[in-house]
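# Working through the structure, step by step
Now for the letters of each chain:
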Amino acid sequence: MRRLLILAAAIGACLVPAAALGQAAPDPAVVATGEEVMQVQAGRTLFLEGCASCHGQNAEGTERAPDLHGAGAQSADFYLRTGRMPLAVPGEQPLRNPPEYSEDEIQALVAYVGSLGGPPIPTVDPAAGNLSEGERLFTLFCAGCHGKLAKGGVVTGALAPSLDAATPVQVAQAIRIGPFVMPPFDDKLIDQEEMNSIVAYVEKTKHADNRGGWDMGGIGPVPEGMAAFFIGLVALLVISRLIGERGS
Amino acid sequence: MTDPRPPEEERRSRDRAELATAAFLLVAALAGVAAIVVYIVTDDTQALGISLGLAFLAVAGAMIVAGLRLYPAQKVVEERPPAADPPAEAAVEQEVGEAVGGLSRRKLLFGAAGAAGAAIGGALIVPLGSLGPFELGGPDPDDLPWKDGVRLVDDQGALIPADLLQQGAFIPAFPEGADKRELASPVMVLRLPEGDDQLDPEQAAIAPRGILAFSRICTHAGCAIALYRNPLFPPQAPSPALVCPCHYSTFDVRQGGKVIFGPAGRDLPQLPLKIDDQGILTAAGPLSGKPGPSYLTVRKT
C-alpha cells in the first residue's frame, strides 16, 4: 500500500516538479551555500513523495502525524536512519527497521527537515564518559523501561526497544527527542557530560563481560527463575532415584 | 526380603535409624516454631522462607531414613487365582503391625512426628493472618515524611528546581531529610507533555506548570513504579501514565493516579506540589492516600 502511495506521489512529482520545488522556501539564514540549497530542495521533493501524505504538504502536521517545524535534523536523522520512518501504518509504534532511504536521500531529507528549524544532530563522546556514573544515571532514568542491561522491555501500549543496535548518536538522539512514549530529557536534566556517561554505559552493555556465565538474554528474573526451576527438577529426579527403588 | 546381617547388628542399625528419624522430626518441629516466631516478630520474608524450607527438608530427611531403614521392606506378589486371600492378608497385616510394634522408641518417634506436624501446620496457618482484616494500605498519611512545606530532593540529595523539568520529563524524588528507604518516601515527579492545559482546576491547583508527583510504590504488590510513558505525538500514542513493571498496573496521571489497567485495586497516592519563592519543588500537603501495597499492613520500622 505504502509503495503504491510512493509510486503515485513519485509520478505526481514528475508531472509537476516545478510546482513542487517552488514550494520549498528554505530559510536563507539556515541554508548558506548553493550546494546546501540543492540538497534541501532534493529533500523537499523526497518529502512530498514519501512523507507529506501524513506530515502535510508543508510539514505542518495532520491528525495522523506531528508538525515537523522544530523537530530538527536531530529527529529526521534518528527516525530515517533507524528505519522508524516512513511508518507502514500511521498510529502504530515506530520500530527499528532497515532504513528505507539511501544515504544521499537521508542526507537530503535531514537537510530539508533541518531547514524547518530545530535542534541539530547531537554529538556524543562515550570515551569521555564515566562508566559508573553512566550506570547510576541509566538505572535512574532508563532502566525502568529498557531494563538494567538495556535489552528492552514493555510498558502498557508500547515496546521499549533493546539498545543493542543503537549507535551512540542514536541513543543520544532518543534521549533528547523522547520517541513515541519515551520521556524526553534536555540538557538541564541530562547534560552533555552525563549523556557521554550514559552512552558509555549503553556501549558497555553491548559487550558486557558476564563473569557469572551465561546471561540468558539479560532480561531479568523470569528466565533465571526458569533455569532454577529446571535445575531443581533434575535434582528432585536424582534424589527420588537415589531413595527409591525401581519396580520390577 | 531377608537381612543378611546378624540380629545384633541389625538391631543397632535400627536404633540409629530411629534416633536419626526422631532428630530430623525434632529439627522440623523447631524450624516450624521458628517460622511462626519469625512471622510474628519481624517482616523478614527471607528468614520466614529459610525456616519453613528447613522444616520441610527435615521432614523429608525423616521420611527418607524411615522409609529406607524402619519401614518393613517386603515384596508381596499377589497370587492368582484367589484375588483376596483372607488368611494371607491377615498374615501381612500382622507382619506390618509387628514391624511397627517392634520400634523400640515408638513414643519418641510418634511424639516427634506429632510435634513436627503441629509446628509446620501452625507455620502454615499463622500467616493467614496477613489476609486481614486490616485497613487497606500503609501508614496514615499524617505520620509520613510528606507534609506541607517539605522540599523535594533527587537521589543525590540535591533540591529540584521547578524549571529542571521540560515538558514530558520525569525525575525520581524523595522528601528532604527523610529516610529514603521509608515506604512513603519515594515519589515520581513528572511534567505533563502539554503543561497543565488538560487538568481540571482542582488538579491544576496542586500541579504547578503541569508538574505532578505520585508515590513510587505500586498499590497492588508494592513494586517500584519506574516506568513513565509520555506521548511525543498525543493523537497517535498512549496517554501519559505511570506503569508498574511487575504486573503492568497503569495509572492515569491526569486523573490523580486513577487505575486504568492492571491488577491494582486503588489509585496511586498523589503528592500535591507547589513551587516555593526560590523556585524549588515543594510538597503542598500530605499524600492523597496511603502509600504501599494493599494486601498487608506496613510496619513503621
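Look a little higher up for the structure.
The structure contained in this document is the topic of the report that follows. (Residues numbered from 1 in each chain as written. Chains lettered and ligands numbered in written order. Predicted model: local features only at pLDDT ≥ 70, side-chain atom pairs only at ≥ 80, totals over all residues. Heavy atoms only, no water.)

A few words now on the pattern of salt bridges. All names here are of chain A. In the structure shown here, the tally under the stated rule is 15 salt bridges over all chains. For Glu-133, the salt bridge identified is with Arg-136, shortest N-O distance 3.2 Å. Taken together, the positions of Glu-133 and Arg-136, both in helix α7 (residues 131-146) and three residues apart, correspond to about one turn of that helix. By relative accessible area, Glu-133 is classed as partly exposed at 25%. (Salt bridge = Lys/Arg side-chain N within 4 Å of Asp/Glu carboxyl O. Helix = DSSP H or I, 4+ residues; strand = E, 2+ residues; numbered from the N terminus. Buried < 20%, exposed > 50% of the residue type's maximum accessible area, 1.4 Å probe, protein only.)

Of all hydrophobic cores here, the largest spans 60 residues; its most connected members are Phe-141 of chain A together with Leu-152 and Val-189 of chain B. Of all the secondary structure elements, the ones that give two or more residues to this core are α7, α8 (168-177) and α9 (192-206) of chain A together with β2 (170-175), β3 (187-191), β4 (211-215) and β11 (281-283) of chain B. Once you skip the residues sitting within four places of it in the chain, Val-189 of chain B turns out to touch Leu-152, Leu-165, Ala-169, Phe-170, Ile-171, Ala-173, Ile-211, Leu-212, Ala-213 and Leu-281 of chain B. Among the nonpolar cores identified, the runner-up in size contains 19 residues, and Val-40, Ala-73, Ala-108 and Val-110 of chain A belong to it. (Core = buried A, V, L, I, M, F, W, Y, C linked by side-chain atoms within 4.5 Å. Contact = heavy atoms within 4.5 Å.)

Interface size is commonly expressed as the accessible area that is lost once the parts come together. Opposite the 31 residues of chain B that make contact, chain A presents 31 residues. Carbon and sulfur atoms supply 62% of the area that chain B and chain A bury against each other, a total of about 2600 Å² over both sides. Here chain B and chain A share one salt bridge between them. Close ionic contact of Arg-136 of chain A with Asp-155 of chain B constitutes a salt bridge, the shortest N to O distance being 2.7 Å. Along the contact surface separating chain B from chain A lie eight residue pairs in polar contact (both at pLDDT 80 or more). If you list the elements that add at least two residues to the side of chain B that touches chain A, you get α2 (45-70), β2 and β5 (227-229) of chain B. (Buried area = accessible area lost by both parts, 1.4 Å probe. Polar contact = N/O pair within 3.5 Å; in protein donor to acceptor, adjacent residues only side chain to side chain.)

Attention now goes to α8 of chain A. Residues and elements named next belong to chain A. Of all the ten residues making up α8, eight are buried; the element is thus mostly covered by neighbouring parts of the structure. Within α8, burial applies to Gln-170, Val-171, Ala-172, Gln-173, Ala-174, Ile-175, Arg-176 and Ile-177. Against α5 (72-81) and α9 lie the buried residues of α8. Looking one or two residues past α8, Gly-178 carries a phi angle of roughly 70 degrees, positive in sign.

Residue and element names in this part refer to chain B. If you trace the four strands from one edge of the open sheet to the other, you get β5-β6-β7-β8, paired in antiparallel fashion. In this open sheet, the two strands that pair with only one neighbour each are β5 and β8 (258-261). For this sheet the average axis-to-axis angle between neighbouring strands, irrespective of direction, equals 35 degrees. As paired strands, β5 and strand β6 (residues 241-243) are joined by three bridges and run antiparallel to one another. Within β6, the residue paired with Arg-229 across the bridge is Ala-241. (Pairing = 2+ DSSP bridges. Axes fitted to C-alpha atoms, helices over the stretch in contact; angles between N-to-C directions.)

On to the state of the cysteines. Within this structure, the stated rule accounts for one disulfide over all chains. One disulfide bridge connects Cys-223 of chain B with Cys-246 of chain B, the sulfur atoms lying 2.0 Å from each other. In this structure, the disulfide formed by Cys-223 of chain B and Cys-246 of chain B twists by about -95 degrees around the S-S bond and is classed as left-handed. Taken together, the residues span a long stretch of sequence, with Cys-223 of chain B in the loop between β4 and β5 and Cys-246 of chain B in the loop between β6 and β7 (250-252) at a distance of 23 residues. Accessibility expressed as a relative area gives 17% for Cys-223 of chain B, which makes it buried. Looking at Cys-145 of chain A, it has no disulfide partner, and the nearest cysteine sulfur is the one in Cys-142 of chain A, 9.2 Å off. You can call Cys-145 of chain A buried: its relative accessible area is 18%. (Disulfide = S-S within 2.5 Å.)

So, on to a nonpolar patch on the surface. A grouping of Val-234, Leu-236, Val-238, Ile-239, Leu-242 and Ile-243 of chain A together with Leu-68 of chain B is seen on the molecular surface, where their side chains present a nonpolar patch of about 660 Å² in accessible area. Among the elements that take part in the nonpolar patch, helix α10 (residues 221-243) of chain A stands out by supplying six residues, more than any other. Position of Val-234 of chain A among the secondary structure elements: in helix α10. (Patch = residues over 30% accessible without salt bridge, like charges linked within 9 Å, V, L, I, M, F, W, Y side chains within 5 Å. Areas by Shrake-Rupley, 256 points an atom, 1.4 Å probe, with all protein chains shown as cover.)

What follows covers the sheet that holds β3 of chain B. All names here are of chain B. Pairing is antiparallel in the open sheet, where five strands are placed in the order β1-β2-β3-β4-β9. Strands at the two margins of the open sheet, each flanked by one partner only, are β1 (152-153) and β9 (270-271). Pairing of β3 with β4, which is carried by five bridges, proceeds in the antiparallel orientation. By the bridge assignment, Leu-190 is partnered in β4 with Leu-212.

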